[in-house]
Every structure is written in structure tokens, then in C-alpha cells.
Amino acid sequence: AVDFTFAGQTRVLTVSNQKGGVGKTTTTVNIAASLASLGARVLVIDLDPQGNASTALGVPHTADIPSVYDVLIDDFPLAEIIQTSPESPNLFCAPSTIHLAGAEIELVSQVAREHRLRTALDEYLGTLESPLDFVLIDCPPSLGLLTINAFTAAHELLIPIQCEYYALEGLSQLLGTVRMIQKHLNPTLSLSTILLTMYDGRTRLAQQVADEVRQHFPAEVLDTLIPRSVRVSEAPSFGQTVIAYDGQSAGAVAYREAAVEIVRRGELAEGPGKGTAPNQ
Ligand code: ADP
Ligand code: MG
């Protein structure tokens, strides 16, 4: 096993791709659970009105529960909505409820509408006695104001890409939005990580897609591929991540490896002597 000590700054990653069904939510919750299992303190912010990340983390998110909606629209402090996942005492979730579906429209008339999540997050992080190591934001499948709030609040962008037809379709639109955000709202946002998901090594197509993405983004694509696995897709119906549901399954092993890569790349980016120290 690999032990990490997390002593660096909070890394805020937004998991985004405006295509639906590419593995954003699955990646968010399983990377978060993997990081928590390595000893990191991790917050997942569920920005998708569907609330699938909240479900997978076993966190109640019925309409009566205070949620990200109340933070974005009614200025609730994040501390008032955050719940601890039953999966780990290090794993926290700011849940989404169905109310968030209206937020996209309601935000339009709000002051500082692109900065609301960032302001709430900065305030929250500033009050914590034991800092968070990671914040992962699960985005809805669109490039609307919810996603823009995520881009504005984050340091890093993690794009999951499904190894199937049209994998790269829509990517230039996403990157265009990222450049617009960098120019006007968040100059520190960087596309740090691409994760290939739902990989089926038996098909030539999956291999071709993986090769093509690696050619375009040699520095960003993680070595680890997430295989297509029934266990991964079963886990949410038990209100669990695959890390808790079947930690020995191929999907769980791959997500843990991807999480270790993400930690290591962060160390390299920070330079030697800072941040985390593996194998102590
Ligand atoms: P998104 O959040 O981008 O819409 P999801 O994470 O919800 O995508 O994934 C879409 C569907 O694919 C879900 O039903 C999920 O369970 C399934 N899925 C995601 N990753 C895998 C995988 N590695 N193996 C099998 N099924 C997967
Ligand atoms: Mg999703």
C-alpha cells in the first residue's frame, strides 16, 4: 500500500465535459473516494441537479435538504450544507437537490453570478481548522452558469473522455470556454488532467480513441485507463462508490491508480520538498 501525507494546499479540480454519460460523476466520486482512502480530506461539490454524485456518496439529497442551491442563490455558507459520506470520515459532500435545476436561470439576474461558488468556497476553506486536501466539483452536462461557476472556483480541470465514437467531438467547444474563463474570470485555471473512461481493450475502436487522445494531449492524459466494468455501474444503486462496493474489482483498482497519479502529478507541479511525501 502507498501512504501519503497530505500537507500541501487544497487542490480544487472541476470534472467537466458538456457531453452527458462520459463518466463525469463516476470519475468524481471514485477519485474522491480513492483519495480519501489514501488519507486525504476530500470534498465533493455536486453541481448537477440530477444529484447522482450525492446518491453515489450515500448522502441524502431530497428537496427539503439544504443544498448547493441555497449556497448559490441564498448565500448559505457551505459549512451549513456539507454532509459526511458514510463511506469515510474524510469524505464530504455538498449535495445537489432538484432545486438546482432552477439555479441556471435564477443565477442570470444575480450579482457576481459567475463567482458565487468561488466566494462560498474561499470563505469555507478559510474557516477550516484541518484543511481539505482536495475539492472535486461534479458538473452538469452543459456549459451554462453552473459549469462556469465551477470553472471560476477551480485551479484544475479534469476532463473524462469516453473511449467511444465521437470522443473528441465537442472538445474544442469545451476548450474554447476554458480559454474564455482564463481570460475573463480565472487566469489560474489549467487543463491538468484527462482520464480515459469506459475503456474496452478488446475493441480496436477503444484503442484508436485512446491513441488519438494521447496524441493530442500527451502531457494531460493519465497513464491509467478506467476499464468498462459492471461493478462500476452497479455501485451507485447501493449508494456507494465502487471503492466501497467492490474494492478489489478492476474498476476500483483503476480508479485508485488514477488517484495516485493525480497526487503524484500535483507533487511534481509543486516541486520537490513541498506537498506530499509518498511511502513514509
Ligand atoms: P456523466 O456524469 O458524464 O453523465 P456518468 O458518470 O453518470 O456520466 O456515467 C454514465 C453511465 O455510465 C452511468 O450509468 C455509469 O454507471 C456508467 N459508467 C461510468 N463509468 C463506467 C465504467 N467504467 N464501466 C461501466 N459503466 C460505467
Ligand atoms: Mg453526471
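Procedures and definitions
- Residues numbered from 1 in each chain as written.
- Chains lettered and ligands numbered in written order.
- Predicted model: local features only at pLDDT ≥ 70, side-chain atom pairs only at ≥ 80, totals over all residues.
- UniProt positions renumbered as here; feature names shortened; annotations may be inferred.
- Helix = DSSP H or I, 4+ residues; strand = E, 2+ residues; numbered from the N terminus.
- Expected span 1.5 Å × (residues − 1).
- Buried ≥ 20, exposed ≤ 12 C-beta atoms within 10 Å, placed from the backbone.
- Arc of directions from axis to C-beta.
- Contact = placed C-beta atoms within 7 Å.
- Pairing = 2+ DSSP bridges.
- Axes fitted to C-alpha atoms, helices over the stretch in contact; angles between N-to-C directions.

- Going by what an unreviewed UniProt entry lists, the chain is known as ParA family protein and is assigned to Microbacterium ulmi.
- Comment text from UniProt for the chain, heading Sequence similarities (unreviewed entry), reads "Belongs to the ParA family."
- In the Function (unreviewed entry) part of its UniProt record, the chain is described as follows: "May play a role in septum formation."

## Comments concerning helix α5 (residues 116-127)
- Over its 12 residues, α5 runs 17 Å from end to end, which matches the ideal 16 Å to within 8%, given 1.5 Å per residue.
- Three or more residues of α5 are buried, namely Arg116, Leu117, Ala120, Leu121 and Tyr124. In an axial view of α5, the angular spread of the buried residues amounts to 120 degrees, which keeps them on one side of the axis. Looking at α5, the residues exposed on the side facing more than 90 degrees away from the buried face are Glu123 and Gly126.
- Where α5 is buried, its residues meet α3 (68-74), β5 (134-138) and α6 (145-153).

## Regarding the UniProt feature "domain: AAA" (unreviewed entry) in the chain
- UniProt's feature table lists "domain: AAA" (unreviewed entry) at residues 11-190, given in the numbering used throughout.
- For residues 11-190, the end-to-end C-alpha separation is 12 Å, with 38% helix and 16% strand making up the annotated structure.

## Looking at the sheet that holds strand β7 (residues 190-199)
- If you trace the 8 strands from one edge of the open sheet to the other, you get β3-β4-β2-β5-β1-β6-β7-β8, paired in mixed fashion. Two strands in the sheet have a free side with no partner beyond their single neighbour: β3 (83-84) and β8 (221-227).
- Taken together, the 7 bridges between strand β6 (residues 156-162) and β7 define a ladder with parallel strand orientation. When the bridges of β7 are listed, Glu156 appears paired with Ser190.
- Sheet contacts for helix α8 (residues 204-216): β6, β7 and β8; angle to β7, the most-contacted strand, approximately 175 degrees.
- With respect to the sheet, helix α11 (residues 250-270) is in contact with β1 (11-15), β7 and β8, its orientation differing from that of β8 by roughly 165 degrees.

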